[in-house]
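What the coordinates show
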Amino acid sequence: MEAKTAKLLDGKALANKIQQELSAAITQLQPQIGRPPGLAVLMVGDNPASAAYVRGKERACQKVGIASFGKHFPTQTTQAELEEVIAALNYDERVDGILVQLPLPNHLDAVALLHQIVPDKDVDGLHPVNLGRLVRGEPGLRSCTPAGIMRLLQEYAIPLRGKHAVVVGRSILVGKPLALMLLEADATVTVAHSRSHSLESITTNADILIAAVGRPEFMTADMVKPGAVVVDVGINRVIDSSGNSRIVGDVHFESTVGVAEFLTPVPGGVGPMTVAILLQNTVNSYSQRSHR
Ligand SMILES: NC(=O)c1ccc[n+]([C@@H]2O[C@H](COP(=O)([O-])OP(=O)(O)OC[C@H]3O[C@@H](n4cnc5c(N)ncnc54)[C@H](OP(=O)(O)O)[C@@H]3O)[C@@H](O)[C@H]2O)c1
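Bear in mind the structure is a predicted one, so any value in this text is a computation, not a measurement. (Residues numbered from 1 in each chain as written. Predicted model: local features only at pLDDT ≥ 70, side-chain atom pairs only at ≥ 80, totals over all residues. Heavy atoms only, no water.)

1. Section: the overall build of the protein chain
Quick reminder of the rule: For helices the rule is a DSSP run of H or I covering at least 4 residues; for strands it is a run of E covering at least 2, with both sets numbered from the N terminus onward. Here the globule rule is a power law, 2.2 Å times the number of residues to the power 0.38, and the radius of gyration is based on C-alpha atoms. Only protein chains enter the accessibility calculation, which uses a 1.4 Å probe; a residue whose area is less than 20% of its type maximum is buried, one above 50% is exposed, and one in between is partly exposed. Contacts: residue pairs with any heavy atoms within 4.5 Å of one another. To measure how exposed things are, a 1.4 Å probe is used in the Shrake-Rupley method; for residues, cover is taken only from the protein chains shown. Within this scheme the basic residues Lys and Arg register as positive and the acidic residues Asp and Glu register as negative, but His and the chain ends are omitted. Working definition for charges: the position is that of NZ of Lys, CZ of Arg, CG of Asp or CD of Glu.
For the protein chain, the helix and strand inventory stands at 10 helices and 12 strands. Taking 292 residues into account, the globule formula puts the C-alpha radius of gyration at 19 Å, and the protein chain, at 19 Å, falls close to it. The principal-axis extents of the C-alpha atoms in the protein chain amount to approximately 60 × 40 × 35 Å. Among the 292 residues that make up the protein chain, the fraction classed as buried is 48%. Once local pairs closer than 6 in sequence are excluded, the contacts in the protein chain between residues at least 24 apart make up 70%. Working note: accessible area of the protein chain is about 14200 Å², and carbon and sulfur atoms make up 54% of it. Averaged over its 27 positive side-chain charges, the protein chain has a centre that lies 3 Å from the centre of its 28 negative ones.

2. Quick look at the sheet that holds strand E7 (residues 188–192)
To be explicit about the condition: Whether two strands pair depends on DSSP finding at least two bridges between them.
Read from one edge to the other, the open sheet built from 6 strands follows the order E1-E12-E9-E8-E6-E7, with strand pairing classed as parallel. Only two strands of the sheet have a single neighbouring strand rather than two, namely strand E1 (7–8) and E7. Where strand E6 (residues 164–168) and E7 come together, 5 bridges link them in parallel fashion. Residue pairing in the sheet places Val166 in a bridge with Thr190 of E7.

3. Quick look at the packing of helix H1 (residues 11–33) against helix H2 (residues 48–64)
Counted only if it meets this: To define axes, lines are fitted to C-alpha atoms, for helices over the stretch in contact only, and angles between the resulting N-to-C directions are given on a 0 to 180 degree scale. Angles below 35 degrees are treated as roughly parallel, those above 145 as roughly antiparallel, those between 65 and 115 as roughly perpendicular, and all remaining angles as oblique. Put simply, Ala, Val, Leu, Ile, Met, Phe, Trp, Tyr, Cys and Pro go in the nonpolar bin, Asp, Glu, Lys and Arg in the charged bin, and everything else, Gly too, in the polar bin.
Between H1 and H2, whose axes approach to 8 Å, the crossing angle comes to 50°. As the angle between them shows, H1 and H2 are arranged oblique. Here H1 contributes Asn16, Gln19, Ser23 and Ile26 to the contact with H2, which in turn contributes Ala60, Lys63 and Val64. For the contact of H1 with H2, a count of residues per class yields 3 nonpolar, 3 polar and 1 charged.

4. Let's talk about the site of the ligand
Here is the rule we go by: We call a residue near a given molecule or strand whenever any one of its heavy atoms falls within 4 Å of it. N or O atoms within 3.5 Å of each other form a polar contact, as long as, within protein, one can give a hydrogen and the other can take it, and as long as residues adjacent in sequence are counted only when both atoms are side-chain atoms.
Near the ligand you find 23 residues, and of these Arg170, Ser171, Ser194, Arg215 and Thr274 are the closest. A distance of 2.5 Å is found between an oxygen atom of the ligand and a side-chain nitrogen or oxygen belonging to Ser171. A distance of 3.1 Å separates an oxygen atom of the ligand from a polar backbone atom of Ile235. The protein chains hide 73% of the 920 Å² of surface that the ligand would expose on its own.

5. Points about the pattern of salt bridges
Heads up, the rule is: The rule for a salt bridge is simple: a side-chain nitrogen of Lys or Arg has to be within 4 Å of a carboxyl oxygen of Asp or Glu.
Applying the stated criterion across every chain yields a total of 8 salt bridges. Asp207 is the partner of Lys225 in a salt bridge, and the nearest nitrogen-oxygen pair spans 2.8 Å. Of the two residues, Lys225 is situated in the loop between strand E8 (208–211) and strand E9 (229–232) and Asp207 in the loop between helix H8 (199–203) and E8; the sequence distance between them amounts to 18 residues. What makes Lys225 partly exposed here is its relative accessible area of 28%. Here Asp207 falls in the partly exposed class, since its relative accessible area comes to 23%. Counted as one network, the salt bridges with shared partners bring together Lys17, Arg151 and Glu155.

6. Here we look at the side chain of Lys121
Within the secondary structure, Lys121 is located in the loop between helix H4 (110–116) and helix H5 (128–136). From its side chain, Lys121 meets the backbone oxygen of Asp92 in a polar contact 2.9 Å long.

This is the structure in structure tokens:
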């Protein structure tokens, strides 16, 4: 008998489709609005992973027709200098989205900078106003990674209503907003974290299991209910036995693929969706701001 394997949730293909739709929407809107959408990604220091993410975002912007107003600052840039830049971008009519690439060097207060971004340009959806809108179920800019996961589940018509969704991880970037989005979609939601007891007894009850832990291949097949939908948010760089570096998720793919019904690959699952939603948020902000 042939071994069962999970169907892969192809975030790369869906992200490409969303980018094509955004590109068409921009072509249509631009003559009325008189300018392209604009996104400013601010990066401080020389963290190589952050630099790669920023390059990826700028390439994606170029592909769909979003103008980049990104700025790369040296490590020693002060809080006051960055506040001044954000204040100017808040007023800049060409800019629809502002994003501060995290992590920042230790001397900088990331939360204070985030609070300074005007909520309507907060395309990362991390400003307290946008998080508050999410809690209340009001429209607003939603955090990119969780919104990307929801869009991916929707694309594959995965039912959420009444299902038990377990989110492992409670960060403000992923776990918490995702739990709220799943709740809004009528799932019964459990959030687990590093202080949860008997994690396996929680995760094996999940119809939908989300791993946002930040630990390479942490979630193994024995922690997964047969037939579950497993979403792997993790992006971890590891060095294998032959000394080569590669990216793995928070889920042990090789074992889980034989147990789950649906599974996101890493790379090519949640990562591209995060960028696609960032572009989508920028275009939404563009069309809304121009209608005011
Ligand atoms: N694909 C994407 O676009 C994307 C975007 C963002 C992040 N990521 C990746 O997703 C992962 C999570 O990111 P994050 O920003 O949410 O990380 P984070 O801020 O470090 O949060 C990790 C969460 O996992 C929990 N955790 C850690 N060890 C655990 C354990 N042994 N058992 C149960 N829970 C445990 C932590 O619990 P406590 O709260 O108790 O400490 C915390 O809530 C990382 O690999 C990151 O690189 C990917």
